[in-house]
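In case you want the letters, here they are:
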Amino acid sequence: MGRAKRRVALYGALIAVSLVAACGRGPAPLAQNDPAPKTSMAKKAKPVRAISIDKSAYPAPPPRPAKVKIVALLLPLGDSRETIRSLAGHLYNGAQLALFDAPTQSLVISLHDTKGTAEGAEDAAKAAIAAGADIIVGPLFGSSVTAIQPVLAGRNVPGFAFSNDASTATDGLWLMGFLPEQNIDRIVSEAIAQGLTRFGALVPEGVFGARIAASFAASVDRFGGTIVQSETYPPEAEGMFDPVRRLARFDDRKAAHMAEMQRLTDEALALLPERIDDETGLPIAPPEEAEAVFKLLGDDAPELVSAYEALALVETLGDIPYDAVFMPEGGLALRNLAPLLPYFDIDPRRVKFIGTGLWDDPTLSQEPPLHGGWYAAAPSANWSAFAARYEAIYDAAPPRLASMAYDAVALAGRLSAFQTDAPFATELLMDPNGFSGIDGIFRLKPGGLNERGLTVQEVTRARSREISRPPRSFVEHDRRLEAAMSLAEALRRSNPDRALTNGDGDLVDEEILPPEGAPTAEGAENGADGAARLSPAAFAPTP
């Protein structure tokens with residue numbers, strides 16, 4: 001039977017249940033290393049009260065063959081917005097590709113429509129449980145994730161949600177989305193490792209901006225840096241001028257420029273020889289324009305003239321008090337914001353602009369102020385092959401989130417191939433070695449969060465280039481983190497204006513020395529000390 005005949009059709013607004021037999025090969029492989037577990041960035045999840053499900057209100061599931069495991073896919077197929085319905089279709093396609101690649105034929109998908117609402121998600125989850133789901137993949141939105149928590153509570157049915165809102169994470173229901181907090185940690189730690197320890201920030205107003213600002217502040221503190229100044233801006237382009245002007249301290253630096261220009265001019269006037277009018281015999285008044293004054297001074301005071309000429313080339317005077325400016329948004333907001341920084345004399349050749357995965361946009365190469373800027377993002381090594389295969393099969397380019405659906409179902413397929421009655425047990429899902437997928441290595445953490453290995457990219461006029469590769473394994477990931485924390489400790493000790501903390505925000509009273517033999521940054525990067533290595537996962541198209 002051909003692959004095209006094995007596809008399952010989407011059912012628009014209806015809650016559809018489709019069972020698809022798996023075939024093919026190419027699992028998401030398990031990593032081979034066993035690093036010490038790290039502290040989760042999430043607080044302990046609050047207990048969720050389970051709700052009862054009246055299974056008689058749902059159609060009876062078809063007979064299940066022995067050893068078959070059901071993956072319930074919760075997607076907003078009936079959302080009122082066309083863009084969301086289209087995205088749901090692409091997520092489904094990504095899930096199907098993973099199903100075809102699964103190393104077992106005992107994995108099936110049941111498809112359920114959340115309608116893009118919290119109520120629809122709750123009902124879809126109930127239908128999935130009634131249909132005998134062994135694991136849930138989805139839903140998409142944070143509000144929907146919160147809505148299905150009581151449905152899954154106490155039922156030993158784990159879930160992988162597509163949201164990246166850490167506030168919705170809970171035990172047994174893991175977020176597969178790229179968490180902004182991790183993205184910020186990656187770019188901040190890389191910036192500090194490169195000697196950029198003082199930060200300015202421009203964050204949007206509103207809930208998203210407040211969340212990002214809090215995460216950024218925590219990350220900078222964790223890795224030993226300092227936030228010198230932070231400003232918020234409204235969504236309207238015209239409202240962005242004043243926040244950037246304040247961040248640039250433009251008025252103070254402009255006043256300092258004018259004061260220095262006046263000082264140089266006064267000094268030049270004092271050095272000008274007195275000139276007498278030949279006709280009247282009276283002194284000639286000095287010119288009012290500074291340029292004319294220095295022209296008359298000529299070679300009499302070359303250092304003074306040079307200082308004036310250098311000052312005349314700029315509008316402001318005084319150093320910017322930070323090494324990098326953090327701008328988390330992408331798209332139109334970033335395009336409106338970025339040109340204002342050099343306009344107000346924040347020179348991108350002297351101050352590094354840094355951002356998040358929202359900068360992972362090839363069109364930013366057309367924005368000169370962002371050239372040289374850094375951002376953290378998912379590795380792209382496996383994405384190209386996945387995207388090519390997807391387009392060849394579905395005759396459409398996949399959105400970036402399609403790989404998330406693939407990785408979630410691929411993980412379910414990999415675990416369901418284990419010779420065990422409980423392939424989705426928590427201890428297997430939270431293997432500290434992690435897993436390797438289209439979007440690089442990842443592992444599931446207590447409290448419902450994930451941890452990923454990210455790359456750092458630099459915007460150039462051609463295309464982004466990688467300046468710090470992603471870790472190949474979680475041994476390397478954890479060693480890099482240890483090196484970053486050792487550097488943070490050293491930075492805290494060298495800065496008398498900072499209170500000394502233990503990295504978790506708790507004040508300490510005694511000296512803490514790095515452990516003997518602690519890895520250096522170079523050792524972490526190169527996988528020193530005998531660390532085993534993993535090759536990046538290869539998801540080559542199957543013939």
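This text follows the structure it describes.
As a further point, take the pairing of strand S12 (residues 440–444). Extensive coverage of S12 is indicated by the burial of five of its five residues. Here three bridges tie strand S11 (residues 435–437) to S12, and the two strands are oriented antiparallel to one another. Within S12, the residue paired with glycine 437 across the bridge is glycine 440. The hairpin turn running from S11 into S12, its antiparallel successor, is two residues long. Bridge count for S12 against strand S13 (residues 450–452) is three bridges, and the pairing is antiparallel. Paired with leucine 444 across the bridge in S13 is asparagine 450.

Leu73, Leu75, Val137, Phe160, Phe162 and Phe386 are the most contacted members of the largest nonpolar core, which has 44 residues in total. Broken down by secondary-structure element, the contributors of at least two residues to this core are strand S1 (69–75), helix H2 (82–101), strand S2 (107–113), strand S3 (135–137), helix H13 (383–394), helix H14 (402–416) and S12. Among the elements that line this core, the one with the most residues is H14, at ten residues. When near neighbours in sequence (up to four residues on either side) are disregarded, valine 137 contacts Val71, Ala72, Leu73, Leu74, Phe160, Phe162, Ala408 and Val409.

Our focus in this paragraph is the environment of phenylalanine 162. With respect to the helices, strands and loops of the structure, phenylalanine 162 is situated in the loop between strand S4 (159–161) and strand S5 (173–175). Overall, the relative accessible area of 5% leaves phenylalanine 162 in the buried class. Ignoring any residue separated from it by four or fewer positions in sequence, one finds phenylalanine 162 in contact with Leu75, Leu91, Val137, Gly138, Pro139, Leu140, Gly177, Met404 and Ala405.

In the structure shown here, the tally under the stated rule is 28 salt bridges. Here aspartate 439 makes a salt bridge to arginine 400, at a shortest N to O gap of 2.8 Å. Of this pair, aspartate 439 sits in the loop between S11 and S12 while arginine 400 is found in the loop between H13 and H14, placing the two residues 39 residues apart along the sequence. With a relative accessible area of 0%, aspartate 439 lands in the buried category. Judged by relative accessible area, arginine 400 falls into the partly exposed class, the value being 31%. In this structure, a network of salt bridges that share partners links the residues Arg443, Lys445, Glu451 and Asp478.

Of note, alanine 388 is situated in helix H13. Linking alanine 388 and proline 398, residues ten residues apart in sequence, is a C-alpha distance of 8.9 Å.

With that settled, the discussion passes to the packing of aromatic side chains. Under the criterion given, the structure shown has 13 aromatic pairs. A ring pair is formed by tryptophan 359 and tyrosine 375, whose centres lie 6.4 Å apart and whose planes are at 50°; its orientation type is tilted. Of this pair, tryptophan 359 sits in the loop between strand S9 (352–355) and strand S10 (374–377) while tyrosine 375 sits in strand S10, and the two are 16 residues apart along the sequence. Just as tryptophan 359 is buried, tyrosine 375 falls in that class too. Judged by centre distance (5.5 Å) and plane angle (75°), the ring pair of phenylalanine 386 and tyrosine 406 falls under edge-to-face. Residue phenylalanine 386 is located in helix H13, and its partner tyrosine 406 is located in helix H14; the two are separated by 20 residues in the primary sequence. Across this residue pair, the class does not change: phenylalanine 386 and tyrosine 406 are buried. Geometry around tryptophan 383 places arginine 400 over its ring, the cationic atom sitting 4.3 Å from the centre.

Orientation of helix H5 (residues 180–193) relative to helix H6 (residues 207–222), taken along the N-to-C sense of each, is 40°, at an axis distance of 9 Å. Classified by the angle between their axes, H5 and H6 sit oblique to one another. For H5 against H6, the interelement crossing comes out right-handed. For the pair H5 and H6, contact is made by Pro180, Glu181, Ile184, Asp185, Val188 and Ile192 and by Arg211, Ile212, Ser215, Phe216, Ser219, Val220 and Arg222, respectively. For the contact of H5 with H6, the per-class residue count stands at seven nonpolar, two polar and four charged.

Here H6 is 16 residues long and its end C-alpha atoms lie 23 Å apart, about the 22 Å a rise of 1.5 Å per residue gives. When H6 is considered as a whole, its buried residues turn out to be Gly209, Ile212, Ser215, Phe216, Ser219 and Val220. Seen end-on, H6 carries its buried residues on one side only, within an arc spanning 130°. Residues of H6 that are buried make contact with H5, strand S6 (198–204), strand S7 (226–233) and strand S8 (324–326). Glycine 224 occupies a position one or two residues after H6 and carries a positive phi of about 90°.

Pairing within the open sheet is parallel, and its five strands lie in the order S2-S1-S3-S4-S5. Where the open sheet ends on each side, the last strands, each with one partner, are S2 and S5. Within the sheet, the average angular offset between the axes of one strand and its neighbour, ignoring direction, is 25°. Bridge count between S4 and S5: three bridges; the pairing is parallel. Paired with phenylalanine 160 across the strands is tryptophan 174, a residue of S5. Where H2 meets the sheet, its contacts fall on S1 and S2, and the angle it forms with S1 comes to roughly 160°.

Right, let's get into the side chain of glutamine 229. With respect to the secondary-structure elements, glutamine 229 resides in strand S7. In this structure the side chain of glutamine 229 is engaged in a polar contact, spanning 3.1 Å, whose partner is the side chain of glutamate 231. With residues near it in sequence (within four places) discarded, glutamine 229 still touches Phe199, Gly200, Ala201, Arg246, Leu247, Arg249 and Tyr322.

Next up on the list: the packing of helix H3 (residues 118–130) against helix H4 (residues 142–152). It is at 8 Å that the axes of H3 and H4 come closest, and there the two elements cross at 35°. Here the hand of the crossing between H3 and H4 comes out right-handed. Of the residues in H4, those touching H3 at Ala118, Ala121, Glu122, Ala125, Lys126 and Ile129 are Ser143, Ser144, Ala147, Ile148, Val151 and Leu152. Each residue belonging to the contact of H3 with H4 can be placed in one class, and the counts come to eight nonpolar, two polar and two charged.

Conventions we followed
- Residues numbered from 1 in each chain as written.
- Predicted model: local features only at pLDDT ≥ 70, side-chain atom pairs only at ≥ 80, totals over all residues.
- Heavy atoms only, no water.
- Buried < 20%, exposed > 50% of the residue type's maximum accessible area, 1.4 Å probe, protein only.
- Helix = DSSP H or I, 4+ residues; strand = E, 2+ residues; numbered from the N terminus.
- Pairing = 2+ DSSP bridges.
- Core = buried A, V, L, I, M, F, W, Y, C linked by side-chain atoms within 4.5 Å.
- Contact = heavy atoms within 4.5 Å.
- Salt bridge = Lys/Arg side-chain N within 4 Å of Asp/Glu carboxyl O.
- Phe/Tyr/Trp six-rings, centres within 6.5 Å; stacked < 30°, edge-to-face > 60°.
- Lys NZ or Arg CZ within 6 Å of the ring centre and 35° of its normal.
- Axes fitted to C-alpha atoms, helices over the stretch in contact; angles between N-to-C directions.
- Parallel < 35°, antiparallel > 145°, perpendicular 65-115°, else oblique.
- Left-handed = near helix turned anticlockwise from the far one by under 90°.
- Nonpolar A, V, L, I, M, F, W, Y, C, P; charged D, E, K, R; others polar.
- Expected span 1.5 Å × (residues − 1).
- Arc of directions from axis to C-beta.
- Polar contact = N/O pair within 3.5 Å; in protein donor to acceptor, adjacent residues only side chain to side chain.

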